[in-house]
Amino acid sequence: MPRDAIVAFTGVSGSGKSSLAFGTIYAEAQRRYFESVAPYARRLIQQGHHPKVEQITGLPPAVALQQRRGTATARSTVGTLTTLSNSLRMLFSRAGTYPGGAAQLDSDAFSPNTAAGACPECHGLGTAHTVSETSLVPDPSLSIRDGAIAAWPGGWQGKNLRDILTHLGHDIDTPWQELPRKDRDWILFTGEQPVVEVTPQRDRVAKPYRGRFWSARSHVLHTLAESKSATMRERVLGFMQTGPCPRCGGSGLRAEALAVTFAGKSIAELNILPMTELAEVIRPTAERTAAGTASRTQASGEDNEVAVTIARDLLVRITVLLDLGLGYLALGRSTPTLSPGEMQRLRIATQLRSGLFGVVYVLDEPSAGLHPADAEPLLAVLEQLKSSGNSVFVVEHNMDVVRRADWLVDVGPGAGAGGGEVLYSGPVAGLAEVHESVTRPFLFTHGSDGTTASGVRRNATGWLELQDISRHNLRELDAGFPLGVLTAVTGVSGSGKTTLVSQVLAEAVGAGLHPGAEAAEEPEPGNRGDGAGDSVGARSWGAVCGLEQLDRLVTVDQKPIGRTPRSNLATYTGLFDAVRKEFAATDAARARGFGAGRFSFNVAGGRCETCEGEGFVAVELLFLPGSYGPCPQCHGARYNPDTLEVTYRGRNIAEVLAMTVDTAAEFLADVPAAARSLQALREVGLGYLGLGRPATELSGGEAQRIKLATELQRAARGHTLYLLDEPTTGLHPADVQLLMAQLHRLVDAGNTVIVVEHEMDVVAGADWVIDLGPAGGDAGGRIVAAGTPAVVAGSDRSRTAPYLAAACQKRPSAER
């Protein structure tokens, strides 16, 4: 492969592309770097595995930019990820406008993640769990005696508090809303706990006693912190409100930092602006000339030389993000709400500013999650990295990106054991001569991969309508979704697709089908990108019509199917239960008294106790990082010798777990429960996966297809709504064909499928299209076009239209 070039790695999912690009080339470059680091320092660095490669020559240092979801912490934001927050804080510290007499603050004072800057009420999180008069007193027309303070306990304790108030001189018989504000605030919020001698009211026999007063807030907080009763904690939790911290307004900052302004705005106000608007705020300062600032003093001020220098650097770095189509993001947007594609582009932008030269950048599907309109700026950035003297290696499924590469490495021809061979390495055009390549027809003949199962578009059997949707950038939106068909929701990044489908639609349907419960999670909720992951609180839609036509809701996302290696394909789909029952039914198992539980590696008894069923053990080294190795007792089999002595058709349980889906499908063909699961997995293109493949080693696309296969193996019911968020992400066009065939199969069975999608061939094969836009962020959130693919392709308001029109032209005329 040439250096100083853009090299694309292609092949079907599981063919070995990532193993070559990341597991071999990048891993070897990393290993060589670590060889130069002192052994003591190496302990502090998380190292990867040593690649099994004989020799690599001409290998420069490498940087890997893989698809990773946002860090699971609200303290990580777009600003901290890109380090733009550091520059903005410095701008306020050195060049902000301070109130008269205020001392200059260090940059740390403008960060909610430092002790110097964090709001003392919410500790920098911006969110507070508080009580209010409204939550504590839901009916202000009642008197205290009649139970106005609902948060107080009932029974004797409540009577005790009312008696204490009477002895303190408070009126408990006047309606709450007529009491003086000062008295109401004291009763609800005081931290004082006066002790008074109480003579019980209306009880002449009882003796006086000394009673302690608790305000309503004190009672709620004390119960949550101290009570051992789950029922009592649950009760008072209903009086808590979660929302922006009242002290800092949700910014997470102290008042002194919020008092400093730049261009008339506080740092909290700039943090919530889309970067397109932030750029315009700092542009006037950044574009001031040196002559204009020469006469100024160097003291803090918005137009001194320090301000110009910092603002100019900040503007240049923000412009890179704008060029990548991320201008709709705000610096304060938390990373858990970002899609993997957004995260990767943010890291690419950071690398552009690093100024490294002679480096190999290894990128994992940089176009993933990108609208075709956003892919063009990405290609320009990759070219910029190359022109800076670097090599750019991309593992990619987007044929438009592959066509723009300088060199192509195609791996295959199949997946798993049927792949792993470099079919071609050379200029892109040369792949046309490699007939065994699965990539070839899609690269040169523009093969369509979203064809409807019957070739004829279906008509809606009814409509599901949501009114007055308001969340994130969706404002008072009305949306209608046809039932009984396949609908594609499109739009540029940040236009509100995921907010509409995976959040609002999922919650509205879930609330309608299961009143009082969360949206049905079968198998898991879709929650990703475009603000997904935010805590949403109250419902954000009005009327919902058409729910009576649905029986079930299923959301299929790309979240991992498990967070530990103990979860795998076999356990998640349930086929392992059937396998264990077959082993337990053998004569050998019965003779030993082994039940199905004996063949679980998660339960003591049948598993190897040395590794506790993991198959590997951690190896701690003194001057080298900890590593993992096969269990010395079971050698990776996970089970103890007694369990492994039991065989089914000549294979023990460990050998069955080691089989691929394709191999197991033949071996277990006459075990109905297992055969059904295995057939469904093969139909979505996962025949190459091993049954015992740990969940932690599966890609997002593989996890999503496993979930879909788990759903496909169930008996067809009809009237189910399936929601999928970018199901083709991470899939080769050949795998997309398999996936779409299954989605069309679900629709033909009487169900409704709605996909958020950027792949135009898939959109062209849908029955209905809803296009959001016209842009991202505040400039989006509206339905700009809706109808058949041909209708949307002809819209002059849609940024999707020209790309969809090109995809529609490739389809048979009967489908246009």
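Residue positions within a chain follow its written sequence, with the count starting from 1. With pLDDT at 70 or above as the cut-off, local features in this predicted model cover only qualifying residues; side-chain atom pairs require 80 or more to be listed or tallied, and sums for whole chains, interfaces and linings still use all residues. In computing side-chain properties, one takes all heavy atoms of the structure into account and sets aside hydrogens as well as water.

Looking at an unreviewed UniProt entry, one finds the protein chain named UvrABC system protein A, with Kocuria flava as its source organism. UniProt positions are given in the numbering used here, feature names are shortened, and annotations may be inferred rather than shown by experiment. Its UniProt record, at the heading Sequence similarities (unreviewed entry), says of the protein chain: "Belongs to the ABC transporter superfamily. UvrA family." Under the UniProt heading Subcellular location (unreviewed entry), the entry covering the protein chain gives this text: "Cytoplasm".

Visitor: Please explain the side chain of arginine 458 as it appears in this structure.
Guide: Put simply, DSSP H or I for four residues or longer makes a helix, DSSP E for two residues or longer makes a strand, and each gets a number counted from the N terminus. Note that arginine 458 resides in the loop between α18 (440–444) and β13 (462–471). Within the local environment of arginine 458, its side chain forms a polar contact with the side chain of histidine 744, the two groups lying 2.7 Å apart. In terms of polar contacts, arginine 458 uses its side chain to reach the side chain of aspartate 748, at 2.7 Å. A 3.5 Å cut-off defines polar contacts: any pair of N or O atoms within that distance qualifies, except that in protein one atom must be a possible hydrogen donor and the other a possible acceptor, and neighbouring residues in sequence count only when both atoms are side-chain atoms.

Visitor: I'm lost on the sheet that holds strand β10 (residues 391–395) in this one. Help?
Guide: Two pairing modes exist for strands in a sheet, parallel and antiparallel, and in both the strands are linked by backbone hydrogen bonds. In space, the six strands of this open sheet follow the order β2-β9-β10-β1-β11-β12, with mixed pairing throughout. Two strands bound the open sheet, and with one partner strand each, they are β2 (62–65) and β12 (421–426). Mean inter-strand twist for the sheet, computed between neighbouring axes without regard to direction, equals 15 degrees. Strands were regarded as paired on the criterion that DSSP finds at least two bridges between them. Judged from the four bridges that link them, β2 and strand β9 (residues 360–364) form a sheet pairing that is parallel. Residue pairing across strands places alanine 64 opposite valine 362, the latter belonging to β9. For this analysis, residues touch if any pair of their heavy atoms sits within 4.5 Å. Structural elements are reduced to axes, namely lines fitted to C-alpha atoms, with helices fitted over the stretch in contact, and the angle between N-to-C directions of any two is expressed from 0 to 180 degrees. Against the sheet, helix α1 (residues 17–35) makes contact with β1 (6–10), β2, β9, β10, β11 (407–412) and β12, and its axis sits at roughly 140 degrees relative to β2, the strand it touches most. Contacting β1, β9 and β10, helix α16 (residues 372–387) crosses the sheet at an angle of about 145 degrees to β10.

Visitor: Just to check I follow, could you spell out the confidence of the model for the protein chain for this structure?
Guide: Low-confidence regions, as indicated by low pLDDT, have predicted coordinates that should not be scrutinised in detail. Known as pLDDT, the predictor's per-residue confidence is scaled from 0 to 100. Averaged over the protein chain, the pLDDT score is 86; the fraction of residues at 70 or greater is 89%. Scored below 50 in pLDDT, residues 290–300 makes 17 contacts in the model with residues more than four places away or belonging to other chains. Predicted confidence for residues 447–454 stays below pLDDT 50, and this span has 30 contacts to residues more than four positions away or in other chains.

Visitor: Quick question: what am I supposed to make of the environment of glycine 606 here?
Guide: Take glycine 606: it is sitting in the loop between α22 (587–592) and β18 (616–619). Exposure is judged per residue with a 1.4 Å probe applied to protein chains only, and the accessible area is read against the type maximum: over 50% gives exposed, under 20% gives buried, and values in between give partly exposed. For glycine 606, a relative accessible area of 1% corresponds to the buried category. C-alpha separation for the pair glycine 606 and glycine 595, spaced eleven residues apart in sequence, amounts to 9.9 Å. If we ignore the near neighbours within four places in the chain, the residues touching glycine 606 are Arg598, Tyr639, Asn640 and Thr643.

Visitor: Help me understand the sheet that holds strand β14 (residues 474–483), please; the structure alone is not making it clear to me.
Guide: Strand order in the open sheet made by the three strands is β14-β13-β16, with antiparallel pairing throughout. Among the strands making up the open sheet, the edge pair consists of β14 and β16 (544–545).

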